[in-house]
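# What the coordinates show
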Amino acid sequence: MPQTADEIAAHLTEAVHEHRVLPGMKLSEDEVGEIYGVGRTVVRQALRHLAHDGLLRIERNRGAFVAKPTVKEAREVFEARALLEPSIARAAAERATPAGIATLESHIREEHVALAAGEPGRALKLSGHFHVEIARIADQATIEGFIRQLVSRSSLVIALYWRRRNAMCESHAHHALVDALRRHDGQAAEDLMKGHLLDLLSQLDLRDHSAELLSLREALAR
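Read on for a plain summary of the structure.

## Some thoughts on the pairing of strand β3 (residues 63-66)
Sheet topology places strand β1 (residues 26-27) next to β3; two bridges connect them, and they run antiparallel. By the bridge assignment, K26 is partnered in β3 with F65. Looking at chain direction, strand β2 (residues 56-59) and β3 are connected through four bridges and run antiparallel. Considered in β3, the bridge of E59 is made with G63. Taken together, β2 and the strand that follows it, β3, pair antiparallel across an intervening segment of three residues, in which N61 is found at a positive phi of about 65°.

## Describing unusual backbone geometry
The backbone phi angle of N61 is positive, close to 65°, even though this residue is not glycine. Looking at where N61 falls in the secondary structure, it is placed in the loop between β2 and β3. One non-glycine residue with positive phi stands out, namely D139, at about 60°. Note on placement: D139 falls in the loop between α6 (120-137) and α7 (141-161).

## Here we look at the environment of L12
Within the element layout of this structure, L12 appears in helix α1 (residues 5-17). The exposure class of L12 is buried, given its relative accessible area of 1%. Look past the residues within four positions of L12 in its chain and what remains in contact with it is Y36, L47, L50 and L220.

## A short note on the side chain of D205
Counting through the fold element by element, D205 comes out in the loop between α9 (186-202) and α10 (216-219). What makes D205 buried here is its relative accessible area of 15%.

## A few points about the packing of helix α5 (residues 98-116) against α6
Where α5 contacts α6, the two axes come as close as 8 Å, and the packing angle between them is 170°. Of the possible angle classes, the one that applies to α5 and α6 is roughly antiparallel. On the side of α5, the interface is formed by G100, T103, L104, H107, I108, E110, E111, V113, A114 and L115, while α6 contributes P120, R122, A123, L126, S127, H129, F130, E133, I134 and I137. Within the contact of α5 with α6, the residues separate by chemical class into eleven nonpolar, five polar and four charged.

## With respect to α5
If you check α5, its first and last C-alpha atoms are 27 Å apart, about what 19 residues at 1.5 Å a residue would give, namely 27 Å. Taken residue by residue, α5 has G100, I101, L104, H107, I108, E111 and A114 as its buried positions. Looking straight down α5, one finds its buried side chains confined to an arc of 145°; they lie on one side. Along α5, the residues that are exposed and aim more than 90 degrees away from the buried face are P98, A99, R109, V113 and A116. Directly beyond the C-terminal end of α5, a positive phi value near 70° is found at G118.

Quick notes on the rules
- Residues numbered from 1 in each chain as written.
- Predicted model: local features only at pLDDT ≥ 70, side-chain atom pairs only at ≥ 80, totals over all residues.
- Heavy atoms only, no water.
- Pairing = 2+ DSSP bridges.
- Helix = DSSP H or I, 4+ residues; strand = E, 2+ residues; numbered from the N terminus.
- Buried < 20%, exposed > 50% of the residue type's maximum accessible area, 1.4 Å probe, protein only.
- Contact = heavy atoms within 4.5 Å.
- Axes fitted to C-alpha atoms, helices over the stretch in contact; angles between N-to-C directions.
- Parallel < 35°, antiparallel > 145°, perpendicular 65-115°, else oblique.
- Nonpolar A, V, L, I, M, F, W, Y, C, P; charged D, E, K, R; others polar.
- Expected span 1.5 Å × (residues − 1).
- Arc of directions from axis to C-beta.

Laid out in structure tokens, this is it:
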């Protein structure tokens with residue numbers, strides 16, 4: 001069971017990415033502390049970490065809530081990704097190493113395992129990490145940080161607005177990207193990433209939705 005603020009923040013972040021903790025859910029300091037067996041000081045540090053990453057909003061006199069992106073914010077997240085990620089994919093193709101390619105292929109295999117096990121939330125998390133890993137291969141640390149935050153926000157957007165609840169990033173799109181990186185074909189990688197992100201945006205049902213929330217204890221019982 002996580003004990004430090006960083007460990008708790010990582011566990012909460014994973015729960016958000018896996019759609020166990022959903023947009024709009026309140027994270028009570030007392031309840032989080034009871035679940036993890038820690039005091040309020042540690043809980044507050046963990047919650048501030050998630051707020052910094054854009055996964056929580058902390059409201060004065062009300063507490064911490066998982067962020068709930070509006071339709072406008074949802075569009076902005078994917079528009080920002082469409083601006084950044086195609087050029088990063090090109091740079092990654094120019095710099096890709098066999099080790100980097102192997103890491104991406106491992107992500108794809110783990111996605112398949114998660115989907116076969118009926119764990120779409122974990123597959124979604126892995127899919128997001130795939131995109132962050134491409135930025136890491138591109139050796140663009142600053143932009144990698146931006147993409148990491150955008151991928152986190154995308155998880156919240158998908159939890160609210162995804163049309164096909166059991167669908168992730170299409171595997172063929174990730175395979176095609178890996179093939180382009182392996183060939184060091186920057187133009188193909190850029191074009192594939194652009195089309196991939198447009199396809200993801202087309203799968204969003206940008207209307208307001210209300211999701212059924214589990215209790216916090218149920219959501220974090222993994």
